[in-house]
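The lines below spell out each chain.
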Amino acid sequence: MRQSIVGKIKHSTERFGRTLNQARVSQKEKSTRNFRLRKAKLGEVVLEMRGITKRFPGVLANDHIDFDIKTGEVHALLGENGAGKTTLMNILYGLYQPDEGEIRIRGKRVTITSPKDAIDLGIGMVHQHFMLVDPMTVAENVVLGLKSSREPFLDIDRAEKRITELSKKYGFKVDPSAKIEQLSVGERQRVEIIKALYRGAQVLILDEPTAVLTPPEVKELMTIIRRMAKEGLAVIPFITHKLPEVMAISDRVTILRRGKVVARIETKRTNKRDLAKKMVGREVLFRVKRGRAKMGRVVLEVKNLEALSDRDLPALKKVSFSIREGEILGIAGVSGNGQRELAEAITGLRRVTGGRVYVLGGDMTNKSPSEFIDQRIRYIPEDRMKRGLLMDFSIAENAILKAHSQPPFVYRWFLPFDKKWFLDERKIGEHTEKLIQEYGIVTPSKDIPTRNLSGGNLQRLILARELSQNPKVLIANQPTRGLDVGATEFIRKKLMEQKEKGMAILLISEDLDEIMSMSDRIAVMYEGKIVGIVPADKAKVKEIGLMMAGAKQEGERGH
Amino acid sequence: MLGLKIEKRAAPLPWVELGISGLSIVIALLAGSVLIWTQGFSPLHIYSTLFSGGFGSFSAIAKTLTKTIPLLLIGVGLALAFKAKAWNIGAPGQMIIGAIAGTGVALFLPFDLPAPAHIALMFIAGFAAGAGLAAICAFLNTKIGLDMVVSTLLLNYVVLKLLKYLIYGPWQAPGWGFPYTKELSASLQLPTLAGTRIHYPTLIIGIVAVLLIYVLMRRTKLGYEIRVFGENPKAAEYAGINSFKIIILVMIISGGLAGLAGIGEVAGIHHLLKEGIDGSGLAYVSSYGYTAIIVAWLGRRSALGSALAAFFIAGILVGGYGVQLIEGVPFAMVSAILGLILISLIGGAILARYKFTFRRGR
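Residues numbered from 1 in each chain as written. Chains lettered and ligands numbered in written order. Predicted model: local features only at pLDDT ≥ 70, side-chain atom pairs only at ≥ 80, totals over all residues. Heavy atoms only, no water.

Peer 1: Can you help me understand the overall build of chain B in this one?
Peer 2: When you go through chain B residue by residue, the secondary structure sums to 13 helices and two strands. Against the globule reference of 21 Å for 362 residues, chain B gives a C-alpha radius of gyration of 21 Å, in line with a compact fold. When the backbone C-alpha atoms are referred to their principal axes, chain B occupies close to 80 × 60 × 35 Å. Within chain B, counting contacts between residues at least 6 apart in sequence, those at least 24 apart form 76% of the total. Working note: accessible area of chain B is about 16,000 Å², and carbon and sulfur atoms make up 71% of it. Charged side chains in chain B number 26 positive and 12 negative. The centres of these two groups are separated by 11 Å. (Helix = DSSP H or I, 4+ residues; strand = E, 2+ residues; numbered from the N terminus. Rg over C-alpha atoms; globule rule 2.2 N^0.38 Å. Contact = heavy atoms within 4.5 Å. Areas by Shrake-Rupley, 256 points an atom, 1.4 Å probe, with all protein chains shown as cover. Lys, Arg positive; Asp, Glu negative; His and termini not counted. Charge placed at Lys NZ, Arg CZ, Asp CG, Glu CD.)

In structure tokens, the structure reads:
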């Protein structure tokens, strides 16, 4: 049965290709057909990359990388941001051409010059950010871009039937006629996987597959991955920092650092600590030691807060909590459950439609962002590039944002009256140099456009800027999302340091590990509500995970 | 099969931008030469007449400088507004309303003032009127979200009708029946450099405006806020920057400068109020207020760049006038070439943000 399905899919993919480019496909057909006809034997090498080298101006992104994967295997690729994972993946998926090296599929040398080539060769990819059309059904999304058997009409029935077959085979639970907008994040990811399988993927690349999932969803995904491997697929998950998951699902791990393979190990012969050490090149603290601080006054208090989303739907429903000096309140939850709206409502960036916001007892409801800034409330937004930074401005210009109208950055210059209208470039420069030093921002100069910084350095810059303004309350929304182990550790340490100095921190994160290890109390958000607030020392991962999925409401309500 | 790949890249360096501007102009001129050629003229000959007519002699430069004055004032104001993404298309109207207000002060002031003070008051009125008109659009934009392109553009027509009403009606000079006001008294006419029509007081105001805006943008916290807002309104909001203040302010400055240009043309060149004081007349297809949009873009929305661009465009206008007279090329051709320059500049600016790589498929 397996052969027939795969065969059919292959057939449709090939036909699609032929209409586009007759000559190209007929040449390729040999390799594809080979690939299709041979029965998948477990343990046979499907994909092999040898000596892959890719240079970018000033960077050796991939330095003679060897990589291979067998059918039925899960071979994780592990590395920090900038280690070369993405480049390697883009080469495999036809987005880049390697400068040196070769790719072989079942021993045959292939050139992959576009994602279409990759798909034709049986390489499928599930991106971290899903590429689905929300108002359309699962089946419609799956056949999007494929030739139908009944051109010019769609053959949704047949597609639905095949999706059901695939689901059965790999143990997904997906309703082909459901609309994407009704699906949870985990279900959407499954649709993406089905999309790849439907196109005949034999090698499946998963880019940071667990980054957006709740703990129960992660578990489910792991089951699916194991099942797919058992059925003979080769699965390559790309992972930046979720080491427990690497340990749980993979058969082998290849670790990249600075463009080179530093280790390739069978998973059962290693452990988390060892992996982290190899990945970062030094010992890593997994859990920042939870600092003890005297809890002071209540700095921020929110009562029955309500606000609308960008689409004018209720996004916050009677949210109440308070934070004291020296306390970290963690907000756990899958993103999209009102976290961004909450952060914006308590920084003046979103209109509050009900309830109150108090800062040190003073009513700040619906005050302007600048009034919140004056109250020394600082915010690390989840959207670093669109909200938090000006990508085409220099690092120095970004380093003074929000403090740009305050001494010492402004001065009188030649004015005969006492108005500090002018920017003091020397002071700004010194300040920026200091931040670059103190926060270990890697950059050739403070004057280059911020666009040139890597993700971790962008976040260091935002953190440096916000902390240098000495806030009373810091709202950190997904402060370590997408960052590598080194940057994550640094940012957590800095936050903990500030807490010990008496800062109140609202830590919003999808990373349950982060929430559990950093917070003093944990609030779980689900569909705009706080379903419960529990002290961290009494919190259990399982319980919180269930609450994140909306399964259970417990704990003290309110605060 | 040829594949084209497009990737976004970091902001280009200033000298690269300058090169791109130059290249854009060259491409526009090449495209324009096709136009000229289809009309049966020699492009090379026409271009050399064009440029020598604009920049080739002392008298050419003098004429060019005369036309530079309004373009400079308006262009630098628009550069500032465009930097804050305030799309002010209303400079023609702001220029005319400035001319009307200034002329009103010149002709109908109910009390006597010494001439310098009177002239100063005319210019203040011109600035205030242009600024006021622009501020209305800014206010409507920030308060009820009325698109500024639409409001500023439509007000141009309203102001033009007002001008017509005045010069055909209550303000018309008695006797002759021409659609003019009477002449400004000689003491209120601006002095010019000997032998030219360069009304230098306005030129000086223009140069001061360029320097002030340069300093504003580069050195002040307000300029920083304007740049932040123009670059990324979401980040500006996050930084507590008041968008209302920014938009109103840049519109007041750009409208006011257009108003100054208006009264400058009246007091310095025409000495009376009539249609065409904004440069739209027989020889010019469109108002300085529209041409200055090209100036601001050619100048990459910077103060100094706009000053240079104003001079360059003025030269093309002057030279184009000569081409029309001497060679019989329709002036529409010159404005078509100006249009081509604008399109290729904007296109060039956008393309410069991306990296293009061609690669061969199999």
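Peer 1: Just checking my understanding: could you explain the overall build of chain A for this structure?
Peer 2: When you go through chain A residue by residue, the secondary structure sums to 19 helices and 22 strands. Relative to its full complement of 559 residues, chain A shows a buried share of 57%. Within chain A, counting contacts between residues at least 6 apart in sequence, those at least 24 apart form 68% of the total. Accessible surface for chain A amounts to roughly 24,000 Å². Of this, 50% is attributable to carbon and sulfur atoms. (Buried < 20%, exposed > 50% of the residue type's maximum accessible area, 1.4 Å probe, protein only.)

Peer 1: Sorry if this is basic, but what is going on with the packing of helix H4 (residues 91–108) of chain B against helix H10 (residues 243–270) of chain B here?
Peer 2: Helix packing geometry: the angle between the two helix axes and the distance between the axes. Residues and elements named next belong to chain B. Where H4 meets H10, the closest approach of the two axes is 6 Å, and the angle between their N-to-C directions is 55°. On the basis of their axis angle, the class for H4 and H10 is oblique. The element H4 and its partner H10 pack so that their crossing is right-handed. Here Ala-91, Gln-94, Met-95, Gly-98, Ala-99, Gly-102 and Thr-103 of H4 come into contact with H10, specifically with Ser-254, Gly-255, Ala-258, Gly-259, Ala-261, Gly-262, Ile-263, Glu-265 and Val-266. The residue inventory of the contact of H4 with H10, partitioned by class, reads seven nonpolar, eight polar and one charged. (Axes fitted to C-alpha atoms, helices over the stretch in contact; angles between N-to-C directions. Parallel < 35°, antiparallel > 145°, perpendicular 65-115°, else oblique. Left-handed = near helix turned anticlockwise from the far one by under 90°. Nonpolar A, V, L, I, M, F, W, Y, C, P; charged D, E, K, R; others polar.)

Peer 1: Any chance you could explain helix H17 (residues 485–500) of chain A here in plain terms?
Peer 2: Because each turn of an α-helix spans 3.6 residues, side chains separated by three or four positions in sequence point in the same direction. All names here are of chain A. Given a rise of 1.5 Å per residue, 16 residues ought to cover 22 Å, and the 22 Å separating the end C-alpha atoms of H17 matches this to within 8%. For H17, the tally of buried residues reaches 12 of 16 residues, placing the bulk of the element in the interior. Looking at the residues trailing H17, positive phi occurs at Gly-502, about 105°. (Expected span 1.5 Å × (residues − 1).)

Peer 1: Explain the pairing of strand S11 (residues 298–308) of chain A here, please?
Peer 2: One face of the sheet, then the other: side chains in a regular strand alternate in exactly this way. All names here are of chain A. Across seven bridges, the pairing between S11 and strand S12 (residues 314–324) is antiparallel. Bridge assignment links Glu-301 to a residue of S12, and that residue is Ser-322. Where S11 folds back onto S12 in an antiparallel hairpin, the turn is made up of five residues, including Asp-312, whose phi is positive at roughly 65°. Direction of pairing for S11 relative to strand S14 (residues 352–359): antiparallel, over a ladder of six bridges. Its bridge partner being in S14, Lys-303 is matched across the sheet by Arg-356. (Pairing = 2+ DSSP bridges.)

Peer 1: Explain the interface of chain B and chain A to me, please; I cannot follow it from the model alone.
Peer 2: How large an interface is tends to be reported as the accessible area lost when its parts come together. Counting from both sides, the interface comprises 27 residues of chain B and, opposite them, 41 residues of chain A. Where chain B abuts chain A, roughly 3,000 Å² becomes buried across the two surfaces, and 54% of that area is made up of carbon and sulfur atoms. For the pair chain B and chain A, the interface holds two salt bridges. For B:Arg227, the salt bridge goes to A:Glu397, with nearest N and O atoms at 2.6 Å. Where chain B meets chain A, there are 14 residue pairs in polar contact (both at pLDDT 80 or more). When residues of the side of chain B that touches chain A are traced back to their parent elements, those giving at least two are strand S1 (2–8), helix H7 (200–219), helix H8 (221–231) and helix H9 (233–238) of chain B. With six residues, H8(B) is the largest single contributor of residues to the side of chain B that touches chain A. A breakdown of the residues in the side of chain B that touches chain A according to their chemical character gives 10 nonpolar, three polar and 14 charged. (Buried area = accessible area lost by both parts, 1.4 Å probe. Salt bridge = Lys/Arg side-chain N within 4 Å of Asp/Glu carboxyl O. Polar contact = N/O pair within 3.5 Å; in protein donor to acceptor, adjacent residues only side chain to side chain.)

Peer 1: Before we go on, may I ask you to explain the sheet that holds S14(A) in this structure?
Peer 2: Strand order in the open sheet formed by four strands is S12-S11-S14-S15 (chain A), with antiparallel pairing between adjacent strands. Across the chains shown, the open sheet's two edge strands, defined by having one partner strand only, are S12 and strand S15 (362–363) of chain A.

Peer 1: Teacher, can you tell me more about the sheet that holds strand S21 (residues 521–526) of chain A here?
Peer 2: As a general point, the strands of a sheet are linked pairwise by backbone hydrogen bonds and lie either parallel or antiparallel. Residue and element names in this part refer to chain A. Across the sheet, which stays open at both edges, the six strands sit in the order S16-S19-S20-S13-S21-S22 with mixed pairing between neighbours. Strands with a single pairing partner mark the edges of an open sheet, and in this sheet they are strand S16 (377–380) and strand S22 (529–535). With strand direction ignored, the average angle separating the axes of adjacent strands in the sheet is 15°. As defined by bridge partners, S16 adjoins strand S19 (residues 473–477) across four bridges and the pair is classed as parallel. Looking at S19, one finds that Arg-378 is bridged to Leu-474. Across the sheet, helix H16 (residues 455–468) is in contact with S16 and S19; its angle to S16 comes to roughly 175°. The sheet strands contacting H17 are strand S13 (328–332), S19 and strand S20 (504–509), and the helix crosses S20 at an angle near 150°.

Peer 1: Teacher, can you tell me more about the nonpolar core here?
Peer 2: Most often, soluble globular proteins have nonpolar side chains that are buried together. Residues and elements named next belong to chain A. Residues Leu-305, Phe-321 and Leu-506 are the most contacted members of the largest nonpolar core, which totals 176 residues. In this structure, Leu-506 is in contact with Phe-321, Ile-323, Leu-329, Ile-331, Leu-342, Ile-346, Leu-474, Ile-475 and Ala-476, ignoring residues within four places of it in sequence. Listed in part, the 38 residues of the second largest apolar core include Leu-197, Leu-206, Ile-225 and Leu-233. (Core = buried A, V, L, I, M, F, W, Y, C linked by side-chain atoms within 4.5 Å.)

Peer 1: In this structure, what is going on with the environment of B:Met148? I would like to understand it.
Peer 2: Here B:Met148 is to be found in helix H6 (residues 148–168). What B:Met148 contacts, discounting residues up to four positions off in sequence, is B:Ala86, B:Trp87, B:Cys137, B:Ala138, B:Asn141, B:Leu153, B:Ile247 and B:Met251.

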